[in-house]
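Observations on chain architecture
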Protein chains: 2
Amino acid sequence: MRMQELSAATGIPTATIKYYLREGLLPEGVRTAPNQARYDDAHVQRLKVVRALADTGVGIAGIRKVVEALDSPPSNPNAVLGAAHAATTPQAGSDLDPSKAEDLARRLGWTPGACDEKQLAGLAQALQAVDRAGFEIPGPVMDAYVEGIQAIANAEIANVPQDSAEAAVRYVVLGSTLPEPLLLAMRRVAEQVAATERFGRPEQN
Amino acid sequence: MRMQELSAATGIPTATIKYYLREGLLPEGVRTAPNQARYDDAHVQRLKVVRALADTGVGIAGIRKVVEALDSPPSNPNAVLGAAHAATTPQAGSDLDPSKAEDLARRLGWTPGACDEKQLAGLAQALQAVDRAGFEIPGPVMDAYVEGIQAIANAEIANVPQDSAEAAVRYVVLGSTLPEPLLLAMRRVAEQVAATERFGRPEQN
């Protein structure tokens, strides 16, 4: 298909597609004339992934890392998971106390080396932000966080498809990044439902 | 304390504090001279909250809504939860199919009116983003999302403090927004731990 058709098939404006091409997020089409190229279904699929990542707030550099992981899948899906996480993890500061993060990580099943350092730093950063705000998460709530998140992650990894390396990589990369906004949206709904049960209906505003 | 001391106590530069004052995120200090004002511990606490929200990616308009909810607490903590959620929920598009979101919300205990429309729209938006990327969340994984998130939200609301309306409001507002990056960071660590168990250690990179 031509650029115009690619745009129609994905709902993405041609100017945006050209930008993704320039940034290397989308492979070049097959050139059919000096000023024309032909695209196929792989371009449609890739564009959908790029757009979805952009929609969840991943920056261009992060999307590039995810796309590279999809394009040259290592044999171990775990290495790809690292690339996907690296793409979506905010850069952590350097003045972090790792001990609290390690304690929490241990409750999630962590042992030294079982995840990359950047993720531990991300955990330390997130803990510090809560702490600095002067907010204390009650013990039973933190227990629920640990149990709930561990059950979620275990189900996700248990369902990595076995049929092909490509399918496994695609699942791991997209499955770690795309559901983040969904999980937060589900939590907001569930919090409001629980609050309505406990305190009654909110006033309309 | 003076502006300089307020800055020292919070680690926030005076230029940033002045910006927060201009934006109405921080109440004015008590003026002691035309060019000088005095601040107290309430300013320190408020600044910590503002900074923490900014760090978790909430914009100025969103922080203002949270601060207003903290300043004029309604009697029903549920109404404040709505304000906190409104501050942190991305604006949803209008071309959304609500039926899938309602199905998912029902699994989270929702009945019509049990949460505000904006949260359902946010859920529909998040589902659509996953869908548009051509990614399908396996059934057992979605089951784990529903169970894990519901357990988390129930624990959070069960632990809303009873001692004062102010304490309840503070807990609900901060407890809904601040832990978001923490939960995502915990999930990344738990995913890597589970992937290491299933696939072995990732290659170092």
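Residues numbered from 1 in each chain as written. Chains lettered and ligands numbered in written order. Predicted model: local features only at pLDDT ≥ 70, side-chain atom pairs only at ≥ 80, totals over all residues. Heavy atoms only, no water.

1. Some remarks on the overall build of chain A
In terms of regular secondary structure, chain A is built from 10 helices and two strands. Helices and strands appear in chain A in the N-to-C order α-α-β-β-α-α-α-α-α-α-α-α. Projecting the C-alpha coordinates of chain A onto the three principal axes gives extents of approximately 65 × 50 × 35 Å. When each of the 205 residues of chain A is scored for burial, the buried share is 50%. Across chain A, every contact between residues at least 6 apart in sequence was considered, and the portion connecting residues at least 24 apart equals 60%. For chain A, the accessible surface area stands at approximately 9,400 Å², while carbon and sulfur atoms represent 50% of it. Treating the 20 positive side-chain charges of chain A as one cloud and the 25 negative ones as another, the clouds have centres 8 Å apart. (Helix = DSSP H or I, 4+ residues; strand = E, 2+ residues; numbered from the N terminus. Buried < 20%, exposed > 50% of the residue type's maximum accessible area, 1.4 Å probe, protein only. Contact = heavy atoms within 4.5 Å. Areas by Shrake-Rupley, 256 points an atom, 1.4 Å probe, with all protein chains shown as cover. Lys, Arg positive; Asp, Glu negative; His and termini not counted. Charge placed at Lys NZ, Arg CZ, Asp CG, Glu CD.)

2. Description of the packing of aromatic side chains
Taken as a whole and assessed by the stated rule, the structure comprises four aromatic pairs over all chains. Note on Tyr 19 of chain A and Tyr 20 of chain A: the rings are 6.1 Å apart at their centroids and 40° apart in plane angle, and the pair reads as tilted. Overall, Tyr 20 of chain A belongs to the buried group, its relative accessible area being 5%. Here Tyr 171 of chain A and Phe 135 of chain B contribute two aromatic rings whose centre-to-centre distance is 5.9 Å and whose plane-to-plane angle is 45°, an arrangement assigned as tilted. Linking Tyr 171 of chain A in helix α9 (residues 165–177) with Phe 135 of chain B in the loop between α7 (117–132) and α8 (139–158), this pair reaches from one chain into another. Taking the relative accessible area as the measure of exposure, Tyr 171 of chain A reaches 10% and is therefore buried. (Phe/Tyr/Trp six-rings, centres within 6.5 Å; stacked < 30°, edge-to-face > 60°.)

3. Quick look at the pairing of strand β1 (residues 30–33) of chain A
Residue and element names in this part refer to chain A. Here β1 runs beside strand β2 (residues 36–38); their pairing, made up of three bridges, is antiparallel. The partner of Val 30 across the bridge, within β2, is Arg 38. Between β1 and β2, which pair antiparallel and follow one another directly, the connecting turn spans two residues. (Pairing = 2+ DSSP bridges.)

4. Digging into the interface of chain B and chain A
Often, the extent of an interface is quoted as the loss of accessible area on bringing the components together. Across the boundary between the two partners, chain B contributes 87 residues, which contact 87 residues of chain A. In total, chain B and chain A occlude about 8,000 Å² of area from one another, counting both sides; carbon and sulfur atoms represent 66% of this. Per-residue buried area on chain B facing chain A is highest for Arg 187, Arg 188 and Gln 192 of chain B; these three make up 9% of the total on that side. Taken together, chain B and chain A are joined by four salt bridges. Counting across the interface, chain B meets chain A through 22 residue pairs in polar contact (both at pLDDT 80 or more). Sorting the residues of the side of chain B that touches chain A by element identifies α3 (41–55), α5 (77–88), α6 (98–107), α7, α8, α9 (165–177) and α10 (179–199) of chain B as the ones contributing at least two each. Residues that form the side of chain B that touches chain A fall into these classes: 54 nonpolar, 21 polar and 12 charged. (Buried area = accessible area lost by both parts, 1.4 Å probe. Salt bridge = Lys/Arg side-chain N within 4 Å of Asp/Glu carboxyl O. Polar contact = N/O pair within 3.5 Å; in protein donor to acceptor, adjacent residues only side chain to side chain. Nonpolar A, V, L, I, M, F, W, Y, C, P; charged D, E, K, R; others polar.)

5. Thoughts on the relation of the copies chain B and chain A
Once chain B is rotated about the relating axis by 180° and shifted along it by 0.0 Å, it coincides with chain A to within an RMSD of 0.0 Å. Here the copies are linked by what is in effect a two-fold axis. Among all residues of chain B, the minimum C-alpha distance to the rotation axis is found for Gly 148 of chain B, at 2.0 Å. When the interface residues of chain B are mapped onto chain A, 100% of them again lie at the interface, so the same face is used by both copies. (Least-squares fit on C-alpha atoms with pLDDT ≥ 70 in both.)

6. Some thoughts on the pattern of salt bridges
Under the definition given, this model contains 18 salt bridges over all chains. The salt bridge involving Glu 156 of chain A is made with Arg 187 of chain B; its shortest N-O contact spans 2.8 Å. Of this pair, Glu 156 of chain A sits in helix α8 (residues 139–158) while Arg 187 of chain B sits in helix α10, on two different chains. Each of Glu 156 of chain A together with Arg 187 and Glu 191 of chain B takes part in a single network of salt bridges with overlapping partners.

7. Digging into α8 of chain B
In this model α8 of chain B runs 28 Å from its N-terminal to its C-terminal C-alpha over 20 residues, within 8% of the 28 Å that 1.5 Å per residue would give. The set of residues buried in α8 of chain B consists of Val 141, Met 142, Ala 144, Tyr 145, Val 146, Gly 148, Ile 149, Ile 152, Ala 153, Ala 155, Glu 156 and Ile 157 of chain B. (Expected span 1.5 Å × (residues − 1).)

8. Observations regarding the confidence of the model for chain A
Overall, the prediction assigns chain A a mean pLDDT of 86, with 93% of residues at 70 or greater. As scored by the predictor, the complex reaches a pTM of 0.82 and an ipTM of 0.82. (pLDDT = per-residue confidence, 0-100.)

9. As for the nonpolar core
Membership of the largest hydrophobic core comes to 68 residues, with the highest contact counts inside it found for Leu 123 of chain A together with Val 173, Leu 182 and Met 186 of chain B. Sorting elements by how many residues they give to this core places α10 of chain B first, with seven residues. In contact with Leu 182 of chain B, other than residues within four places in its own chain, are Leu 104, Leu 123, Ala 126, Leu 127, Ile 137 and Met 142 of chain A. By size, the runner-up hydrophobic cluster in this structure holds 67 residues, among which are Val 58, Val 67 and Leu 174 of chain A together with Ala 126 of chain B. (Core = buried A, V, L, I, M, F, W, Y, C linked by side-chain atoms within 4.5 Å.)

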